[in-house]
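# Structure at a glance
Chain residues, written in single-letter form:
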Amino acid sequence: MRILIVDDEPLVRIGIKSAIDWEAQGVQIVGEAGDGEEALQQIADKDPDVVLLDIKMPKLDGIEVLRRVREQQLPVQIVVLSSFDDIAYVKEALKLGAFDYFHKPDMNERELTAMLQSIREQLGTSGTPAPPTVVTQGSRKEQLLYEALQGKVQDLSETSLEEGNMYIVLFKIKNYRTVIQRYTKETESVLPSTVQNVVREMLSKEKEVEYLQLDVQHSCVFISNSEHKSLLASLNRVNKLVQMISSALKRFVNIDIVLGVSDWFEGYSAIPAGYEQAAKALSHHFYHPDTSIFYYQHLRLQGESALKQADAYVSQMKSALREEENERFLELLSRWEAFLEQEECMEERDVRKVYEGLLFMIGGDDGAVESGAEHSGGFEDIEDFRGLAAGYRKLFEDRLKQRQRLSNKGYSQLTRSIMEYIEEHYAESLSLKLFGELLHVSPNYVSRLFKQEVGQGLFDYINELRIEKAKRLLRDYRYKIYDVAEMVGFHNQAHFAIVFQKYTGLSPKQYRKEEV
């Protein structure tokens, strides 16, 4: 089924295109128009099966378009888009042969899907997507732009880009993990689709501009300025486009974006270098979370000496941990973090790897990293350096204090090993047999020694720890109760509720209500 969207409001057109996965519904959107005259031209040129037609538009309104479609006996079905106060126009449209009408205020996934089903039933079409025959112009252009970023620039004459005063702008959705929580699992694809539709709409009338969505969070804009002779005029145009994109996404999608702008370059061959510059500029958002636009030409580029000094701090921190000099480690950690904040010489991904490596050394194995993420609420949600540093420092201090407590209690090495393993793997299946195999002793010996030294049974200790972890998670309403149960090692919600009641005197639901 081929559909044409006609409405004079860009936001309405964007909303319709983004509301559902049209391709999955067997629908191809063949075009869109902003007034009646353009609608008639596109009906003739693109031969749609269905037109979604606004009633009130400039030049020719929907009623006049319907009259001309009827006069010319064009083979197309028209579904009228109206507001609640357009009932008189709707009646006139139905008299002129409109297939159906649809209230724009009701525009959502359920209503659109129901409308499509009604059209299929009355037209007798299955809605099954036709197999692709040739690559569309849109996908061909996207392929060329992807290849250009990788250095294959021989076919860019097929795009609107011209050599001369070129720029690459890279942008990402700010706080993406928070933004995506507005959507369900089934509708997550709506966000990138809406971003793409909004940006393309905003740039549709601009010369020498191409847009490419890289993934669900990142997009790339290619800009050339062959008509501008001065670099100042070119940069002013880039700034105007950047502000236009940012404002449109804030207005239409209610999201903030962060942008990295490359330095100017002359020709197609420098596009990969321009992309690297834009990415480098964008990466500085990690150190400056309150800034939204970063220009490569304004960056203070660091030499090898700063990076070597940062690496030296990391080596010293690892040495302190190996020698169990906890105070020295925390002092070096502060010095390393202060150095990074001043010099900004390490990329975000490398900083995260250092923190994870240090946590690994403190915790003992890969499970420590997972446990740390749960303990902190998920470091992947933190986008800025200061927030990441604060989160990891608190975790490091907690873990070092815990290790100190264990060593000071006079437990045997075997019992300390059991406790450390439980702390790191409490969300997994634990058994006496497992501990026996890990420690090369009999399961009965594990049980007897642990109760003798700790003063409680092994599984009482495990359940107490799990419930303490659960109490922290229950304070966060992002998690359902059954999610919390699984996250702390209970694979049955009913069992979790029984154990939780035993140790707290409250059900998980009551605890959440009273504590949050």
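Our subject is the structure that appears above.
Overview of the structure. Source: prediction; values computed, not measured. (Residues numbered from 1 in each chain as written. Predicted model: local features only at pLDDT ≥ 70, side-chain atom pairs only at ≥ 80, totals over all residues. Heavy atoms only, no water.)

### Describing the pattern of salt bridges
Counting across every chain of the model gives 26 salt bridges. Arg68 serves as the salt-bridge partner of Glu64, at 3.3 Å between the closest nitrogen and oxygen. Of this pair, Glu64 and Arg68 both sit in helix α3 (residues 62-72), four residues apart, roughly one helical turn. Notably, a salt bridge pairs Arg237 with Glu206, separated by 3.9 Å at the nearest N-O pair. Taken together, the residues Arg237 in helix α9 (residues 231-253) and Glu206 in the loop between α8 (190-203) and β7 (209-213) connect sequence positions 31 residues apart. By relative accessible area, which is 12% here, Arg237 ends up buried. Residues participating in the shared-partner salt-bridge network are Arg13, Lys17, Glu32 and Glu201. (Salt bridge = Lys/Arg side-chain N within 4 Å of Asp/Glu carboxyl O. Helix = DSSP H or I, 4+ residues; strand = E, 2+ residues; numbered from the N terminus. Buried < 20%, exposed > 50% of the residue type's maximum accessible area, 1.4 Å probe, protein only.)

### Focus on helix α11 (residues 304-322)
A rise of 1.5 Å per residue sets the reference length of α11, with its 19 residues, at 27 Å; its end C-alpha atoms lie 27 Å apart and thus fit the reference within 8%. Regarding α11, the residues found buried are Ala306, Ala310, Tyr313, Val314, Met317, Ala320 and Leu321. The buried residues of α11 all sit within an arc of 125° when viewed along its axis, so they share a single face. Pointing more than 90 degrees away from the buried face of α11 are the exposed residues Glu304, Ser305, Lys308 and Arg322. The first or second residue beyond α11 is Glu324, which carries a positive phi of 60°. (Expected span 1.5 Å × (residues − 1). Arc of directions from axis to C-beta.)

### Topic: α9
With 23 residues, α9 should cover 33 Å at 1.5 Å per step; its first-to-last C-alpha distance of 32 Å lies within 8% of that length. Asn254 lies just past α9 and shows a positive phi near 60°.

### Concerning the sheet that holds strand β10 (residues 293-295)
Hydrogen bonding along the main chain pairs the strands of a sheet, whether they run parallel or antiparallel. Taking strand neighbours across the sheet as the criterion, the five strands line up as β7-β8-β6-β9-β10 in an open arrangement whose pairing is mixed. Only two strands of the sheet have a single partner each, and these edge strands are β7 and β10. Averaged over neighbouring strand pairs, the angle between their axes works out to 15° when direction is ignored. With three bridges connecting them, strand β9 (residues 257-261) and β10 associate as parallel partners. Opposite Val261, over in β10, you have Tyr295 as the bridge partner. Packing against the sheet, α9 makes contact with β6 (167-173), β7, β8 (218-223), β9 and β10, and its axis sits at approximately 20° to β6. (Pairing = 2+ DSSP bridges. Axes fitted to C-alpha atoms, helices over the stretch in contact; angles between N-to-C directions. Contact = heavy atoms within 4.5 Å.)

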